[in-house]
Protein chains: 2
Amino acid sequence: MSAAATRNTGQDPLWSVDDHLEDILAGVQPLEPIELQLLDAQGCVLVDDVTVPVSLPPFDNSSMDGYAVRVADVAGASEEFPAALTVVGDVAAGSTGKLQVGPGEAARIMTGAPLPPGAETVVPVEWTDGGLGGGPVSAMPARSLSPEGASGQVRVHRPAEARAHVREKGSDVKAGELALEAGTVLGPPQIGLLAAIGRGTVRVRPRPRVVVLSTGSELIQPDEELAGGQIYDSNSFALTAAARDAGAIAYRVGAVADDADTLRSTVEDQLVRADLVVTTGGVSVGAYDVVKEALSSVGDEDEPGSGIEFRKLAMQPGKPQGFGSIGPDHTPLLALPGNPVSSYVSFELFVRPAIRTLMGLKDVHRPRVRAVLSADKALTSPAGRRQFLRGKYADGHVTPVGGAGSHLIAALAHADALIVVPEDDRSVEPGAEVEVLLLG
Amino acid sequence: MSAAATRNTGQDPLWSVDDHLEDILAGVQPLEPIELQLLDAQGCVLVDDVTVPVSLPPFDNSSMDGYAVRVADVAGASEEFPAALTVVGDVAAGSTGKLQVGPGEAARIMTGAPLPPGAETVVPVEWTDGGLGGGPVSAMPARSLSPEGASGQVRVHRPAEARAHVREKGSDVKAGELALEAGTVLGPPQIGLLAAIGRGTVRVRPRPRVVVLSTGSELIQPDEELAGGQIYDSNSFALTAAARDAGAIAYRVGAVADDADTLRSTVEDQLVRADLVVTTGGVSVGAYDVVKEALSSVGDEDEPGSGIEFRKLAMQPGKPQGFGSIGPDHTPLLALPGNPVSSYVSFELFVRPAIRTLMGLKDVHRPRVRAVLSADKALTSPAGRRQFLRGKYADGHVTPVGGAGSHLIAALAHADALIVVPEDDRSVEPGAEVEVLLLG
């Protein structure tokens, strides 16, 4: 940037929050899908419709531990006049045996085991003497301890209708049915369903890899000793955690000193593992704002959409912002302001939706609700800026936490919402309704 | 278990869902705290109060890019009659220099840089000619391109009050103040605050390591070919994902065949990496229910609280349940029924609260709300059982998904809530208010 270019020819144009977000999202596309093992796909978005290849359950099976019998053989049975049947063997879950149940016969059958040929219904073990010759039993003895239970005689104390306690083949889902629609986010039950229909891998959009780096020669690592003029780097920690929270695989590079060459080469080094780069600091109007200095010129003039653009937004906190793409793959980059609260608010408004767009999610924004302002005095807000204040939300009410100062990181840690004061409002009275972004 | 022990002497006692949950949680204690790197502690619970060791900001610093000056030197300044000051140098963020600002002098200062001795206030660069000798500028030229900006003369166009655009030492938090309370869950802003006050590590309760294994000789891995009587193992996938979702580090062991010795040795092998063991299947009344067979006898009679107890609960689905502890460290173990929906509902009701108790969270349960039932016909429910039906919740209404059959895993994958029908209700009419557990 030449010195002449910094001359002020009146007011700088301010971009609206919405226009800036729109421009960012226009430059971010969902990542190319890959085939992942089921458990690696947790939280990811399904790319294709998944149909059921095989009916579930895949065969008629027992829903109880009991005896597989013919209906006629137990008709009219009672505890006083039980039906006595010959036990021809066990059908365990996973059984592939060829046991047949003929007239006057019963097969001892376990939950989930296939209904054997000849059997028409299942009587639960609690409706029988369990082969012990006494009253009704509450359970079968373990096969390994009492192998004789698979033979001998069983007395059945109650009749059963045809197909009682039988789960029919295809009664859960049928082959060819739609199991899950493209666009479904894979949570635990969806992963369970995919496993149940035999899918060991699935095509999804992967989690984006997000590289986070902060800039500033004043920044040192936590646990080091502060010297004069130094502060601890917190942005790279907070935003790495926030990127993970949004669904990304996040890499914290840490703090880079205010030197344009170092910054440029660090960013270029990281591109190999980045689907998105997030920087903090160095985007304002100072003489040492190296992100602006280093990245204003990275674009290729012949490539549309290439390069990083720096803007001032009509918002507070978070006025200076940069965005664009960098490197041979046009990796998206968002350059946030360096103040911890500004960078965090900017992350919520711009980076989180970008990450969720990369993931292919439909719903990329935090939920917004209307709430009644609980406060001792009116909130004030600068004209022409959309203000985002830290707040605590509960039961339709929101209470401001800390003041409007953009450096109040302690307040941020006790907030769970952002109170939105529109551009045209210069104050909001207690009791008024406000828009609230729920952060949690 | 002897054959005689299975004789039924009337009705089996049924445990209530609430009593069972209470017994489980009584046997689960929060894990011992460990010191973790900040980003490894994300989602964990802080064990100690954290106080601020050093005031933030640690020194008076500029909140703008501009010039540090004396108030008297810019009093009455205007664009027509600017105050002309000698620029004595730059104060960049991180600067530890000994620059002094005397009468008639200005130091060019960057956001976050320490206010130099002698300076009383900061005028933003936009209120000056930026040293260029013209009208007001919108930014400073980059130091690396225009080093002369750190010297020469600057014209200031507006006066400034004392301490304007100065962030005072300690204005965010003061040394000795409480930064975060014990019990706080560490999300991104809390991690940011800890970093900002210089904490690189933090004492938290670690994520519990949860080992998930399913049992059943009928189970094969997804992507294998189904033979007669076989089904795909889905529980170990769904519950591993659900354990992660609850905050745990989850290990999926997979399916173990119905053999008591194999099961016992597999569980014992896994104890080395388990804070909690979850099994599915083999807990009912059949002759091949190996979890019951293998684990009923693992307890040490001389050790109170040792061993696994098997119960029937007054609930549907999920009647048979086992719980207790196993191994030399009394590792908690929950033995869930094998049916996919039964195991998933049991996980939500019993395992998730246990995981969250291990984490030290105060709020271990899913949120519960009241909702109006939207349905074509009344829901029916067995007397004396608390029924949990899959449902979809939106805007105060809940709609059942799928039927009451406990094997409807496809319905579960389209539900986001469980509809609770109390023990005493045998039916619920459309339009009635019901309790709903929100799953997501």
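From a predicted model like this one, the values you see are computed outputs, not experimental measurements.

Caption draft 1: Highlighting the domain arrangement of chain A. Partitioning chain A into domains gives domain 1 (11-31 + 207-358), domain 2 (34-52 + 176-205), domain 3 (61-167) and domain 4 (368-438). Computed from C-alpha atoms alone, the centre-to-centre distance between domain 3 of chain A and domain 4 of chain A is 67 Å.

Caption draft 2: Region of the structure containing the pairing of strand β12 (residues 201-205) of chain A. Residue and element names in this part refer to chain A. Pairing between strand β1 (residues 34-37) and β12: four bridges, direction antiparallel. Across the sheet, residue I34 finds its bridge partner in β12, namely V204. In this structure, strand β2 (residues 45-46) lies alongside β12, joined through two bridges in antiparallel fashion. Bridged to V45 within β12 is R205.

Caption draft 3: Just helix α3 (residues 188-196) of chain B, in detail. With nine of nine residues buried, α3 of chain B is to be regarded as a mostly interior element. Following α3 of chain B by one or two positions, G198 of chain B adopts a phi angle in the positive range, close to 90°.

Caption draft 4: Structural context of the pairing of strand β28 (residues 433-438) of chain A. Residue and element names in this part refer to chain A. Pairing between strand β22 (residues 368-373) and β28: five bridges, direction antiparallel. In the sheet register, R370 faces β28, and the bridge partner there is E435. Judged from the four bridges that link them, strand β26 (residues 417-421) and β28 form a sheet pairing that is antiparallel. Residue pairing across strands places A417 opposite L438, the latter belonging to β28.

Caption draft 5: Seen up close, the pattern of salt bridges. For the structure shown, the criterion picks out 34 salt bridges over all chains. Note that D245 of chain B is salt-bridged to R352 of chain B, the shortest N-O span being 4.0 Å. Within this pair, whereas D245 of chain B is found in helix α4 (residues 235-245), its partner R352 of chain B is found in helix α7 (residues 340-358), the two being separated by 107 residues in sequence. Owing to a relative accessible area of 41%, D245 of chain B belongs among the partly exposed residues under this scheme. Among the ionic pairs, R366 of chain B bridges to E348 of chain B, the shortest N-O distance being 2.8 Å. Residue R366 of chain B is found in the loop between α7 and β22 (368-373), and its partner E348 of chain B is found in helix α7; the two are separated by 18 residues along the sequence. A cluster of three or more residues bridged by salt bridges with shared partners is formed by D18, R386 and E423 of chain A.

Caption draft 6: Quick look at the packing of helix α3 (residues 188-196) of chain A against α4 of chain B. Where α3 of chain A meets α4 of chain B, the axes come as close as 7 Å, and the angle between the chain directions of the two elements is 165°. Here α3 of chain A lies roughly antiparallel to α4 of chain B, going by the angle between them. The chirality of how α3 of chain A crosses α4 of chain B is right-handed. Only F237, A238, A241, A242 and D245 of chain B of α4 of chain B make contact with α3 of chain A, whose side of the interface consists of P188, I191, G192 and A195 of chain A. Taken together, the residues of the contact of α3 of chain A with α4 of chain B sort by class into seven nonpolar, one polar and one charged.

Caption draft 7: Spotlight on unusual backbone geometry. P57 of chain A follows L56 of chain A through a cis peptide bond whose omega is -15°. Residue Q316 of chain A is joined to P317 of chain A through a cis peptide bond whose omega torsion reads -5°. Mapping P317 of chain A onto the fold places it in the loop between β19 (315-316) and β20 (320-326). A positive phi is found at D395 of chain B, a non-glycine position, where the angle reads about 50°.

Calculation notes
- Residues numbered from 1 in each chain as written.
- Chains lettered and ligands numbered in written order.
- Predicted model: local features only at pLDDT ≥ 70, side-chain atom pairs only at ≥ 80, totals over all residues.
- Heavy atoms only, no water.
- Domains from an automatic or database assignment.
- Pairing = 2+ DSSP bridges.
- Helix = DSSP H or I, 4+ residues; strand = E, 2+ residues; numbered from the N terminus.
- Buried < 20%, exposed > 50% of the residue type's maximum accessible area, 1.4 Å probe, protein only.
- Salt bridge = Lys/Arg side-chain N within 4 Å of Asp/Glu carboxyl O.
- Axes fitted to C-alpha atoms, helices over the stretch in contact; angles between N-to-C directions.
- Parallel < 35°, antiparallel > 145°, perpendicular 65-115°, else oblique.
- Left-handed = near helix turned anticlockwise from the far one by under 90°.
- Contact = heavy atoms within 4.5 Å.
- Nonpolar A, V, L, I, M, F, W, Y, C, P; charged D, E, K, R; others polar.

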